[in-house]
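So the chains spell out like this:
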Amino acid sequence: MNGGKAKQRNLKQVCFRAVRTHFDAIGPEGVLGLPTPLITDLLPHLTICQLDEIQPALNQRGISTYAGWIGILLDMCRPEQAVGLHTEEEAKHEVMKWLFTFVFYGFTNPFVKRNITNLNTPSFLRAAAKCLTSFTLLGSPASHKKLQWLTAEQRPLLNLFEKRMKTVKIVSNAMDLSKKSNQTVLYIFHRLADHGVADRVLVHSDCPMLLAWILYGRGTQYVSPELMNLMHTKKASRISQDTSVGEGGASCSSGLVSSASEDREDEATPCKRQKFSFVSSEKEEEEKSGSANVVVDPQILCQAFAPCDGPSVGTCPRGQIECLELNNCRSDSLRVLTAALPTFFCLRSLILHSSSTFTDSDVFSLAKALRRLSESSRSSLTDLSISALPYAKLMEILLNASSKVKSLHVEIHTVVPCSRITESDTQELPLEKLTIKVTEVQTDMQLFTSLLRRCPNLTTLHVAGMRLPTGSSQKRLLTTLSESNHHLKILHLEDMKLSDCLPEILNLLKVCKLEELRLNDCRLLEKWSDKEESLRQLVTAVKKVPSLHTLSLAQNRLARNVCVLSELFSGSSPSSVSRLNISSNFIQPAELLEFAETLKTHRPPHRLTLDLRKNPGDRDPDTWDTALKRLRPFGVVLVEGWVSTHTMADHISNM
């Protein structure tokens, strides 16, 4: 009997491989004629392009391709990449995002090697580009030919990028704009940001001149003098030479492609662009002229890179940057930004990361520029993120300077023992979202509670790593939230000692209509004399909050007390929690099985997403698997492998 089933499975596998190989001959119609269970089994065996082609028709029949996309993702990435992907579009986007950059730039990994025949095609790149809204421009010499290819043979793909890509990332070491090899990067950025729909820019490069070029004319009135000098260097003579002479003496149009012609070009055979002198060998050009010829003006770049058969149009449009993220932002780049900020009226979101802590003078200059911007009625800036500040007081300085900011994310890495700034403010702030990640040895609780009292409209709070002097408690923080922040909906406290704060937590649950509560690595049970009863009090309080749909108690050493959580769904008024995270709690297989058995009695009224990752299931794999089988009917169970020998510290701490 078993042998017959094995043969049946083998025959099915052979048929699935045949469908994949001869899909073009069979066609989508041939696949759609199969019974639904067979189609579902077939999906993981199709190529990405085949899955993409057949998805719309399957969706019309009510068949999801989710299993196919998740199968591909698990084949090429670690399991955690699939966590949180609950729809086929989310899974498909993740697959395309991972693969597109690899294939486009010629990178490789085991999955790409195995499937290179199906991936290294224009059809895959086009299918992937239709799913994405972000494109990464790599400024490395190895990427130059790929980007040139995008402006010539794959021009239709660039046209598609202009319509799809909302975000442009530039990843480069310090970029010399005078080098001809970098002009392709500038041109593609110009097409996406000015002719296209991109309004979110991420710069992974500490290059002040590049930043000045990116900001020029795209929302701020600031113009860098150094950039102006560079832009006018020999540009007239250079472009006159480049656009007047083609191969064999033929004239080549310097115009841009209109939107109508772009639509036609999406389906047309790409026109090979004239190889202008500024994209030829830099060494050869320098030998001829004695110096590099600089072409960085967007209008001139656009003319020079335009297809030979493209119609001529007028002046290039200029886009507006609404979100700007600068990684590895050092003092020189920050000076360019602070000069541009006072008139950067279209900017809605600003994210700054530094490889080292920002200096006092850097932060004061930023605060001054933010204050000048916020004083204008035309200012749009509402989201600000900065990491890392040298001490907490500077966070308040930035907030006082940004009177319209509604969302603030800061990381504080203490490099000085205390602030020398003493003045404070009591003016109400419009802040709605606040994230504070701290690595201070000791935190000034007075500063944080006074800030919270100034934010009555706060709806989201995430605090991580807050340390207090010996003998102090986080009770004051929780009490302030209950008294001053009644609109709070999302509370995430992480890496904080809350073991003596149960009464304050229970009171907060009464006062605020929370939708998400995450108490991760908060040592909750550490000082509870009766751990089971105290946890039951927390469960009872959670059940009385009908708005609460997400509860996370990760890294709290629940261990054998996990069974108490099944009472969330007991009684006539079960909890509304639909996402429960109990990962990293040293839950043993027998304890999980008991939890699963109890959950059968207290069945959740809705599908439950249960996060069990990083628990020691390998201590008794059979019991663990039995528990998982009994839990899966209740919803989605998130698990991943665990190696107990790698986590002896957790074992010892729970003995």
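Residues numbered from 1 in each chain as written. Predicted model: local features only at pLDDT ≥ 70, side-chain atom pairs only at ≥ 80, totals over all residues. Heavy atoms only, no water.

Asks: Quick question: what am I supposed to make of the overall build of the chain here?
Replies: Regarding its fold elements, the chain presents 27 helices and 15 strands. Considering only contacts in the chain between residues 6 or more positions apart, those separated by 24 or more positions represent 81%. Of the roughly 29,600 Å² of accessible surface on the chain, a fraction of 51% belongs to carbon and sulfur atoms. (Helix = DSSP H or I, 4+ residues; strand = E, 2+ residues; numbered from the N terminus. Contact = heavy atoms within 4.5 Å. Areas by Shrake-Rupley, 256 points an atom, 1.4 Å probe, with all protein chains shown as cover.)

Asks: Sorry if this is basic, but what is going on with the packing of aromatic side chains here?
Replies: Think of a pair of aromatic rings as described by two things: how far the centres are apart, and how the planes are tilted against each other in angle. Per the counting criterion, the structure on display carries 11 aromatic pairs. Seen in terms of ring centroids, Phe100 and Phe104 are 5.7 Å apart; in terms of plane orientation they differ by 15 degrees. Their pairing is stacked. With Phe100 and Phe104 both in helix H6 (residues 88–105) and 4 residues apart, the pair spans about one turn of that helix. Accessibility assignment for this pair places Phe100 and Phe104 in one class, buried. On the numbers, 4.4 Å between centres and 10 degrees between planes, the contact of Tyr187 with Phe305 is stacked. Separated by 118 residues along the polypeptide, Tyr187 in helix H11 (residues 183–195) and Phe305 in helix H17 (residues 298–305) bring together distant segments of the chain. Each member of the pair Tyr187 and Phe305 is classed as buried. The structure contains a cluster of three or more aromatic residues connected by ring pairs, namely Phe100, Phe102, Phe104, Tyr105, Phe107, Phe135, Trp149 and Phe161. The aromatic ring of Trp213 is capped on one face by Arg218, whose charged end is 4.8 Å from the ring centroid. (Phe/Tyr/Trp six-rings, centres within 6.5 Å; stacked < 30°, edge-to-face > 60°. Buried < 20%, exposed > 50% of the residue type's maximum accessible area, 1.4 Å probe, protein only. Lys NZ or Arg CZ within 6 Å of the ring centre and 35° of its normal.)

Asks: Would you mind going over the packing of H11 against helix H12 (residues 208–215) with me for this structure?
Replies: How two helices pack is summed up by the angle between their axes together with the distance between the axes. Where H11 meets H12, the closest approach of the two axes is 11 Å, and the angle between their N-to-C directions is 30 degrees. When the axis of H11 is compared with that of H12, the two are roughly parallel. Every pair of crossing elements has a handedness; the one defined by H11 and H12 is right-handed. Where H11 approaches H12, its residues Leu186, Phe189 and His190 are matched on the opposing element by Leu210, Trp213 and Ile214. Partitioning the contact of H11 with H12 into residue classes produces 5 nonpolar, 1 polar and no charged. (Axes fitted to C-alpha atoms, helices over the stretch in contact; angles between N-to-C directions. Parallel < 35°, antiparallel > 145°, perpendicular 65-115°, else oblique. Left-handed = near helix turned anticlockwise from the far one by under 90°. Nonpolar A, V, L, I, M, F, W, Y, C, P; charged D, E, K, R; others polar.)

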